[in-house]
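Per-entry structural report
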Amino acid sequence: MNAAPLTPNTARTIVLEQTTPLSTETIPHAEALGRILAQDVISPLDLPPFPNSAMDGYAVRASDLQSVPQTLRILETIGAGEIATHAVEDGTCIKIMTGAPVPAGADCVVMREETREHNREVEFLETARGGQHIRPKGDDVRQGETVFERGTVINAAVHAMLASLGQGRVEVTIRPRVAILVTGKELVDVGAELQPGQIRDSNSWALRGLVHSCGAEVVSAMRTGDTQTEVEEALRLSASKADVIITSGGVSAGDFDPIRDVLLSQANVHFWKVAMKPGKPLLFATLHGVPVFALPGNPVSVMVGFEEFVRPALLKMAGRSAWKRIEVEAILQSELRSPEGRTEFVRARLEQGEDGFLAVVSGDQNSGRLSTMARANALLEIAPNVSFLPSGARVRAKLLGSPEVGGF
Ligand code: AMP
Ligand code: MG
């Protein structure tokens, strides 16, 4: 396969064509946080379900308070969860707490701070307007309204809304099951003493974290050396367990790059090589019906390749309705040189300046320098025809996650 490298956008289009949302399951509400709605949620009721007080104060008839000061007699006191036993009539009021149903006869609430209470009577110091400080029935959500569409992430606020709506069970998309396979006979475990020529496997951990951040599940994690036999066996096992396989290393044109050789001979290869830096020798294939993302081994290439191709695919499979990162304009804080002919994804730290975001490039962009990725919170996308940008240039920055800024 010697075709010219694809642009990242073309490659992503192919990836998204090859991936489809997984099937769905219905789970208890309590387990739904972080999952993806696979159903539109139509409200079965009005929220709030009854008109209620937005304040601690007195439920009155606005017509009684057209001239002030004015004194009204208190019929009773009600709190949230209590129903008044009287109706408010001329010359009377009901003391009411936030969330309590507005009693019959009353058409507004006067906040406690605007009154003086003594001996079961209240003196009102301000005039009142009909409807004030009342949350009407259906003010938040109307019965029959579509509150959420399928594809919505069930974050804390959505989870809370589903509780308000009484959704005891929720239909969600099943989590993509991911197999991770790292290759390279130089690799050892995190706890191992390094022998000459060895390095610790970091890509497994980068991939586990990234997979997790997409709401997917790692069902298998393997490490092999650089022989085709080992890789073939590991890929076969992975394909039997997972919806997606992600590999690292062994996909360049070196002497010990078995992933490429095995996939070229056994899988349906959609592309190999993307015109990007880092991460050019990336291969995407389907093996026994399972999409395989074969990422190059350099730690930054793994993470950028994941960001550009695997993440959109996993979000689509997970049933999400959107995958694009928020992009902002930022002002480059140092000059930048970039190779022509390839889109470069530059690791940078965005900071909040007086007049917008500042982009501080996180050091040398060598794809082996994982530390620069670990310090970045954004990727600057530099177009293939740009070879130099002066300090102060405006660049597009893709936010990785939703980073916090500032300090305590
Ligand atoms: P490769 O793509 O297999 O030629 O690997 C490219 C570079 O990435 C080499 O320097 C490898 O040692 C390094 N590398 C490959 N896999 C890993 C890994 N799992 N963790 C850390 N570095 C790796
Ligand atoms: Mg290798």
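Here we summarise the structure given alongside this text. (Residues numbered from 1 in each chain as written. Chains lettered and ligands numbered in written order. Predicted model: local features only at pLDDT ≥ 70, side-chain atom pairs only at ≥ 80, totals over all residues. Heavy atoms only, no water.)

Here we look at the overall build of the chain
How we decide: Numbering of helices and strands runs from the N terminus, with a helix taken as a DSSP run of H or I at least four residues long and a strand as a DSSP run of E at least two residues long. Both definitions apply: the radius of gyration is a C-alpha atom measure, and the globule rule equals 2.2 Å times residues to the power 0.38. A simple rule labels every residue: compare its accessible area, found with a 1.4 Å probe on the protein chains alone, to the largest value its type can have, and call it buried under 20%, exposed over 50%, or partly exposed in between. Residue exposure ignores everything except the shown protein chains as possible cover, and the areas themselves are Shrake-Rupley values with a 1.4 Å probe. When charges are counted, Lys and Arg are positive and Asp and Glu negative, with His and the chain ends excluded. Charge positions are represented by NZ for Lys, CZ for Arg, CG for Asp and CD for Glu.
When helices and strands are counted, the chain shows seven helices and 28 strands. Against the 2.2 N^0.38 benchmark of 22 Å for 408 residues, the chain shows a C-alpha radius of gyration of 30 Å, more extended than a compact globule. Its C-alpha atoms give the chain principal-axis dimensions of about 95 × 50 × 40 Å. Put simply, the chain has 408 residues, and 48% of those count as buried. Summing over all exposed atoms, the chain offers an accessible surface of approximately 19,700 Å²; the carbon and sulfur share of this is 49%. The average position of the 40 basic charges and that of the 49 acidic charges among the side chains of the chain differ by 5 Å.

Things to note about the pairing of strand E24 (residues 343–353)
Test applied: Two strands form a pair only when DSSP identifies at least two bridges running between them.
Most of E24 sits out of view: eight of its 11 residues are buried. The pairing of strand E19 (residues 276–277) with E24 spans two bridges and is classified as parallel. Within the sheet, the bridge partner assigned to Lys277 lies in E24 and is Glu344. As paired elements, E24 and strand E26 (residues 378–382) share five bridges and run antiparallel to each other. Within E26, the position partnered with Arg347 by the bridge is Leu379. Where E24 meets strand E25 (residues 356–361), six bridges bridge the pair, whose relative direction is antiparallel. Bridged to Leu350 within E25 is Ala359. Between the antiparallel neighbours E24 and E25 lie two residues.

Overview of the site of ligand 1
Put simply, the test is: Definition of nearness: a residue and a molecule or strand are near each other if at least one heavy atom of the residue lies within 4 Å of the molecule or strand. Within 3.5 Å is the distance limit for a polar contact, defined as a pair of N or O atoms, with the added protein rule that one can donate a hydrogen and the other accept it, and that residues adjacent in sequence qualify only through two side-chain atoms. Polarity classes work like this: nonpolar for Ala, Val, Leu, Ile, Met, Phe, Trp, Tyr, Cys and Pro, charged for Asp, Glu, Lys and Arg, and polar for all others, with Gly in that last group.
For ligand 1, the set of nearby residues contains 16 residues, the closest of which are Glu186, Asp201, Ser202, Gly250 and Gly297. Residue Asp201 places a side-chain N or O atom 2.8 Å away from a nitrogen atom belonging to ligand 1. Between a nitrogen atom of ligand 1 and a main-chain N or O atom of Asn203, the distance comes to 3.3 Å. For ligand 1, whose unbound accessible area comes to 480 Å², protein coverage reaches 76%. For the shell around ligand 1, the elements supplying multiple residues, two or more each, are strand E13 (177–183) and strand E15 (199–200). Among the residues making up the shell around ligand 1, the classes are represented as five nonpolar, eight polar and three charged.

Comments concerning the packing of aromatic side chains
This is how it is decided: Classification of ring pairs rests on two measures: the distance between centres of Phe, Tyr or Trp rings, Trp counted by its six-membered ring, which must be within 6.5 Å, and the angle between planes, read as stacked under 30 degrees, edge-to-face over 60 and tilted in between.
As enumerated under the stated definition, the model contains four aromatic pairs in all. Relative to Phe124, the ring of Tyr58 lies with its centre 5.8 Å away and its plane at 80°, an arrangement referred to as edge-to-face. Here Tyr58 is found in strand E4 (residues 57–60), whereas its partner Phe124 is found in strand E9 (residues 121–124), with 66 residues between them in sequence. Just as Tyr58 is buried, Phe124 falls in that class too. Arranged with centres 5.7 Å apart and planes meeting at 40°, the rings of Phe271 and Phe284 form a pair that is tilted. Of this pair, Phe271 sits in strand E18 (residues 268–272) while Phe284 is found in strand E20 (residues 283–287), placing the two residues 13 residues apart along the sequence. Assessed through its relative accessible area of 3%, Phe271 is described here as buried. One aromatic cluster is present, formed by Phe271, Phe284, Phe293 and Phe309 through successive ring pairs.

Observations concerning the sheet that holds strand E16 (residues 217–224)
Worth spelling out the cut-off: Axes, fitted as lines to C-alpha atoms, cover a helix only where it is in contact. Angles between the N-to-C directions of the axes lie from 0 to 180 degrees. Residue contacts are counted whenever heavy atoms from the two residues lie within 4.5 Å of one another.
Spatially, E16-E13-E17-E21-E20-E18 is the arrangement adopted by the six strands of the open sheet, whose pairing is mixed. For this open sheet the edge positions go to E16 and E18, each flanked by a neighbour on one side alone. Averaged over neighbouring strand pairs, the angle between their axes works out to 15° when direction is ignored. The pairing of strand E17 (residues 244–248) with strand E21 (residues 290–295) spans four bridges and is parallel. Of the residues in E21, the one forming a bridge with Ile246 is Phe293. Running over the sheet, helix H1 (residues 8–17) touches E18, E20 and E21 and is turned about 160° from E18. Along the sheet, helix H3 (residues 203–213) makes contact with E13, E16, E17 and E21, crossing E13 at roughly 165°.

Structural notes on the pattern of salt bridges
The following threshold applies: Within this document, salt bridges are pairs made up of a side-chain nitrogen of Lys or Arg and a carboxyl oxygen of Asp or Glu, the two lying within 4 Å of each other.
Using the criterion set out here, one finds 18 salt bridges in the structure. Between Arg337 and Glu335 there is a salt bridge, and its shortest N-O distance comes to 3.0 Å. On the basis of relative accessibility, which here comes to 58%, the residue Arg337 falls in the exposed class. If you follow the salt bridges from partner to partner, you end up with Arg12, Glu308, Glu327, Glu381, Arg396 and Lys398 in one network.

Quick word on the sheet that holds strand E5 (residues 70–78)
Sheet architecture is open: six strands sit in the order E7-E4-E6-E5-E9-E8, paired in mixed fashion. Pairing within the sheet leaves two strands with one partner each, and these edge strands are strand E7 (108–111) and strand E8 (115–118). Sheet twist, expressed as the mean angle between neighbouring strand axes with direction ignored, is 35°.

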